[in-house]
Each structure stands twice: as C-alpha cells, then as structure tokens.
Amino acid sequence: MEVKIGISDSPRELVVTSGQTPAEVEAVVNEAFGNGGVITLTDEKGRKYLVQSSKVSYVEIGASQGGRVGFVVSS
C-alpha cells in the first residue's frame with residue numbers, strides 16, 4: 001500500500017510503500033496527531049520512516065500501483 005506524506009515547508013512529498021493495511025496506517029497517523037508525537041511507518045524493505053506530526057501537511061493513504069508501466073500497444 002502506498003502512503004504519501006506532505007511535509008510543511010517542503011515542495012516534495014514522502015512516499016512510502018508499506019505492508020501495513022490502510023486501517024493500521026490511519027491508526028498510527030491519528031495517534032501521532034493526537035499526542036503531538038512522531039508518525040512511524042515501515043516500508044516493504046524494513047526501513048523505518050519517522051516524521052514529526054507537527055510538520056505534516058497531509059497524509060494520503062491509497063492502494064499501491066504495483067509497479068505498472070503505462071505502455072500501450074496499438075495496431
């Protein structure tokens with residue numbers, strides 16, 4: 001599953017492909033926002049990402065694209 005996190009004062013977003021379910025990610029984000037803590041996500045390769053919740057502009061939780069490439073074969 002793909003998680004995009006917008007960071008305040010940064011033109012780029014952090015994109016993490018996580019093995020967690022959307023409900024698990026939402027719970028982690030809500031808990032961090034509730035106590036002013038840190039959002040902790042682990043990607044599919046086991047790397048951890050820590051983001052201070054006060055610096056987060058938005059969090060987009062969605063399905064992973066599965067590495068699809070947009071080629072079209074025409075005849």
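These figures come from a predicted structure and were not determined experimentally.

Here is what the cut-offs are and how they apply
Residues numbered from 1 in each chain as written. Predicted model: local features only at pLDDT ≥ 70, side-chain atom pairs only at ≥ 80, totals over all residues. Heavy atoms only, no water. Helix = DSSP H or I, 4+ residues; strand = E, 2+ residues; numbered from the N terminus. Buried < 20%, exposed > 50% of the residue type's maximum accessible area, 1.4 Å probe, protein only. Contact = heavy atoms within 4.5 Å. Areas by Shrake-Rupley, 256 points an atom, 1.4 Å probe, with all protein chains shown as cover. Polar contact = N/O pair within 3.5 Å; in protein donor to acceptor, adjacent residues only side chain to side chain.

K.L.:
Talk me through the overall build of the chain; I want residue IDs and the actual numbers.
P.N.:
Counting its secondary structure elements, the chain contains 1 helix and 5 strands. Counting every position in the chain, which comprises 75 residues, the buried fraction comes to 23%. The contacts in the chain between residues at least 6 apart in sequence include a share of 46% that link residues at least 24 apart. Accessible surface computed for the chain: about 5400 Å², of which carbon and sulfur atoms make up 50%.

K.L.:
Can you explain the environment of Val3? Please cite residues and give values.
P.N.:
Along the chain, Val3 falls in strand β1 (residues 2-7). On the accessibility criterion, Val3 (1% relative accessible area) is buried. Counting along the chain gives 13 residues from Val3 to Val16, while the straight-line C-alpha distance between them is 5.2 Å. For Val3, the residues in contact, after removing those within four places along its chain, are Leu14, Val15, Val16, Val25, Leu41, Val59 and Glu60.

K.L.:
Tell me what's going on with unusual backbone geometry, and back it up with residues and numbers.
P.N.:
Unusually for a residue other than glycine, Asp9 sits at a positive phi of about 65°. With respect to the helices and strands, Asp9 occurs in the loop between β1 and β2 (13-17).

K.L.:
Describe the side chain of Asp43, and please don't skip the residues or the numbers.
P.N.:
The topology assignment puts Asp43 in the loop between β3 (38-42) and β4 (48-52). Reaching out from Asp43, the side chain makes a polar contact with the backbone nitrogen of Gly46 at a distance of 3.0 Å. Within the structure, Asp43 has its side chain in polar contact with the side chain of Tyr49 (distance 3.4 Å). Residues within four places of Asp43 in sequence aside, it is in contact with Val16, Thr17, Ser18 and Tyr49.

K.L.:
Outline the environment of Ala32, listing residues and values.
P.N.:
On the secondary structure map, Ala32 appears in helix α1 (residues 22-35). The buried category is assigned to Ala32, whose relative accessible area is 3%. Considering only alpha carbons, one finds Ala32 and Val51, 19 residues apart in sequence, at a separation of 9.4 Å. Setting aside anything within four residues of it in sequence, one finds Ala32 in contact with Gly37, Val38, Ile39 and Ser53.

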